[in-house]
Amino acid sequence: MKVIGNTSLAENTAKWLGADFYPVLERTFADGELCPRFEASGNPAMGQTAAIILQQHRNENINAYLMNYFLVLNAAKDAGFSRIYACMPYFAYSRQHKQYLPNQPVSALTVARTLEHLGADAFITVTAHEPSSLKEIFTVPSINLSSIAALSDCVARKPEFADAVIVAPDDGAEDMARALASLLGNRKYTAFEKKRDARTGEITMTPRNVELLAGKSAIIIDDMVSGGGTMVETARACSHHGSTRIASLFTHPILCGNALEKLRACCDEIVATNTIESEVSKADVSPLLAQALKELEKK
Ligand code: R5P
C-alpha cells in the first residue's frame, strides 16, 4: 500500500504501516484554482492500493479542501492504482447528513457520491458527526473510527480531573460522554439539551442533571469545535452550576477565528486530536488510521 498525503498525520500513518509515503504538493493559482500533485518515483501505481489521507488545514476554506481532495483522488485513479481508500480524518460537510429544511441538499451524500464516482473503494473517517449516516450515504464500505480512547488517555492520569463528571453539550454527543465515562472508570455523565435554530443557527442550551456538577470538575466532550459557541455555552453552564475545573475534549479542532481564545477563557484544559493540526492536538489518531487500513487490506 502507498500512502498519499499532505501532512505529518499521513506520513506517520505510513510509518505505522511500513508503507511508502507520497507527499502531496499543494499549489494554488492567483484566482484560487487548485493544482495539487503527489510525488512518486517511477510508475509504482499499477495494480497497487493507495490510501489517500488529506487533512484540512486549520483555517483552510472547507470548499478548497474538498476540491483539493477530489483532484488528488482523481489523479490517483488516473495514475493506475487498482484500489483507493479515501481517508478524510474530519469528514467535511458531515453536519448536513440529512435535510433540516425543505429544498436543502444532503451535503454529506453529495460528498460521498463524488468520492465514489472519482474512484474511492472505501471511506475512513474519525468520529463522524452522525456515525449511523455513513451506511446510508456510502455504497462502498465506510469506517468510523472512535477517538475516545485517544482523548481519554490525555486526561486519565490528571489528578485534578479524578472526580470529573462527563458532560455532553447535546444528545448527539451523549454516546461519546457515556463511552468516556466508562473508559475513565464508571464516572457519572449527563447530556445537556441544545437546540439550534435551523434558520438562524442560534443556540439555546438547557443544562440537565446539574446537581451532579456542584463541587466537582467537569470534562465536556464533543465531536468538534467550530465557532466555539457550543463548547463555551456548555462550559459557562457548568461553571454556573458549580464545576470547579473544566476540561474541554473534542475530536476535530476546526477552531474558526478566535474560537481557541474563547475556549481558553473558560476551560482549564483543552484536548483535541490531530484530525486537523492545531495547538491543542494532543491525541494522535495515526495508529487508529493505520490499524483500519491494515484491516481493509486483509479483506
Ligand atoms: C453540533 O451538533 C456539533 O456536534 C457541535 O457541537 C457543533 O458543530 C460545534 O459547533 P460550534 O463550535 O460552532 O458551536
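No experiment lies behind these values; they were computed from the predicted model shown. (Residues numbered from 1 in each chain as written. Predicted model: local features only at pLDDT ≥ 70, side-chain atom pairs only at ≥ 80, totals over all residues.)

Points about unusual backbone geometry
Next, step 1: Phi at Tyr-93 is positive, roughly 75 degrees, even though this residue is not glycine.
Next, step 2: A residue is classified by how many C-beta atoms lie within 10 Å of it, and Tyr-93, with 19 of them, is partly exposed.
Next, step 3: The phi angle at Asn-209 is positive, at roughly 50 degrees, despite the residue not being glycine.
Next, step 4: Looking at the secondary structure, you find Asn-209 in the loop between strand 11 (203-206) and strand 12 (218-225). (Buried ≥ 20, exposed ≤ 12 C-beta atoms within 10 Å, placed from the backbone. Helix = DSSP H or I, 4+ residues; strand = E, 2+ residues; numbered from the N terminus.)

Overview of the sheet that holds strand 14 (residues 269-273)
Next, step 1: An order of 9-8-12-13-14-15 is seen for the six strands of this open sheet, with the pairing classed as parallel. Single-partner strands in this sheet number two, and they are strand 9 (189-191) and strand 15 (281-283). In this sheet, adjacent strand axes meet at a mean angle of 30 degrees when their direction is disregarded.
Next, step 2: Relative to strand 9, strand 8 (residues 165-168) runs parallel, the two being bridged by three bridges. (Pairing = 2+ DSSP bridges. Axes fitted to C-alpha atoms, helices over the stretch in contact; angles between N-to-C directions.)

Concerning the domain arrangement of the protein
Next, step 1: Domain annotation for the protein reports domain 1 (2-146 + 285-298) and domain 2 (148-274).
Next, step 2: Computed from C-alpha coordinates alone, the two centres of domain 1 and domain 2 are separated by 28 Å.
Next, step 3: Opposite the 10 residues of domain 1 that make contact, domain 2 presents 11 residues.
Next, step 4: Residues that form the side of domain 1 that touches domain 2 fall into these classes: six nonpolar, three polar and one charged. (Domains from an automatic or database assignment. Contact = placed C-beta atoms within 7 Å. Nonpolar A, V, L, I, M, F, W, Y, C, P; charged D, E, K, R; others polar.)

Focus on the pairing of strand 13 (residues 246-253)
Next, step 1: Judged by how many residues are buried, strand 13 sits mostly within the fold: eight of eight residues are covered.
Next, step 2: Pairing between strand 12 and strand 13: seven bridges, direction parallel. Its bridge partner being in strand 13, Val-225 is matched across the sheet by Pro-253.
Next, step 3: Considered for its hand, the β-α-β crossover made up of strand 12, helix 7 (residues 229-240) and strand 13 is right-handed.
Next, step 4: Pairing of strand 13 with strand 14 involves four bridges; the strand directions are parallel. Within strand 14, the position partnered with Ser-248 by the bridge is Ile-270.
Next, step 5: With respect to chirality, the unit in which strand 13 leads through helix 8 (residues 259-264) into the neighbouring parallel strand 14 is right-handed. (Right-handed = clockwise from strand over helix to strand, strands pointing away.)

Looking at the packing of helix 1 (residues 8-17) against helix 9 (residues 286-298)
When two helices pack together, their arrangement is captured by the angle between the axes and the distance separating the axes.
Next, step 1: In the contact formed by helix 1 and helix 9, the axes pass within 8 Å of each other and the chain directions differ by 50 degrees. With respect to helix 9, the axis of helix 1 lies oblique. Between helix 1 and helix 9 lies a crossing of right-handed hand. Counted together, Leu-9, Asn-12, Thr-13, Trp-16 and Leu-17 of helix 1 and Ser-286, Pro-287, Leu-289, Ala-290, Leu-293 and Lys-294 of helix 9 form the full contact between these two elements.
Next, step 2: Residues that form the contact of helix 1 with helix 9 fall into these classes: seven nonpolar, three polar and one charged. (Parallel < 35°, antiparallel > 145°, perpendicular 65-115°, else oblique. Left-handed = near helix turned anticlockwise from the far one by under 90°.)

Things to note about the site of the ligand
Next, step 1: Not every one of the 15 residues close to the ligand is listed here, only the nearest: Val-225, Ser-226, Gly-227, Gly-229 and Thr-230.
Next, step 2: Listed by contribution, the elements that provide at least two residues to the shell around the ligand are strand 12 and helix 7.
Next, step 3: Element by element, the count of residues in the shell around the ligand is highest for strand 12, at four residues.
Next, step 4: For the shell around the ligand, the per-class residue count stands at five nonpolar, six polar and four charged. (Near = placed C-beta within 6 Å.)

Section: helix 7
Next, step 1: Taking 1.5 Å per residue as the helical rise, helix 7 with its 12 residues ought to reach 16 Å, and the 16 Å between its terminal C-alpha atoms agrees with that figure.
Next, step 2: Along helix 7, the positions that sit buried rather than exposed are Thr-230, Met-231, Val-232, Thr-234, Ala-235, Ala-237 and Cys-238.
Next, step 3: Where helix 7 is buried, its residues meet strand 8, strand 10 (193-196), strand 11, strand 12, strand 13 and helix 8.
Next, step 4: Positive phi appears at Gly-242, one or two residues downstream of helix 7, with a value of about 105 degrees. (Expected span 1.5 Å × (residues − 1).)

Regarding helix 9
Next, step 1: The first and last C-alpha atoms of helix 9 sit 19 Å apart over 13 residues, in line with the 18 Å expected at 1.5 Å per residue.
Next, step 2: The set of residues buried in helix 9 consists of Ser-286, Leu-288, Leu-289, Ala-290, Ala-292 and Leu-293.
Next, step 3: Tucked into the core, helix 9 has its buried residues touching helix 1, strand 4 (49-53), strand 5 (83-88), strand 6 (122-126) and strand 7 (142-145).

With respect to the nonpolar core
Next, step 1: Residues Ile-52, Ala-177, Ile-219 and Ile-221 are the most contacted members of the largest nonpolar core, which totals 93 residues.
Next, step 2: In this structure, this core is formed jointly by two domains, domain 1 (2-146 + 285-298) and domain 2 (148-274), each of which donates at least three residues. (Core = buried A, V, L, I, M, F, W, Y, C linked by C-beta atoms within 7 Å.)

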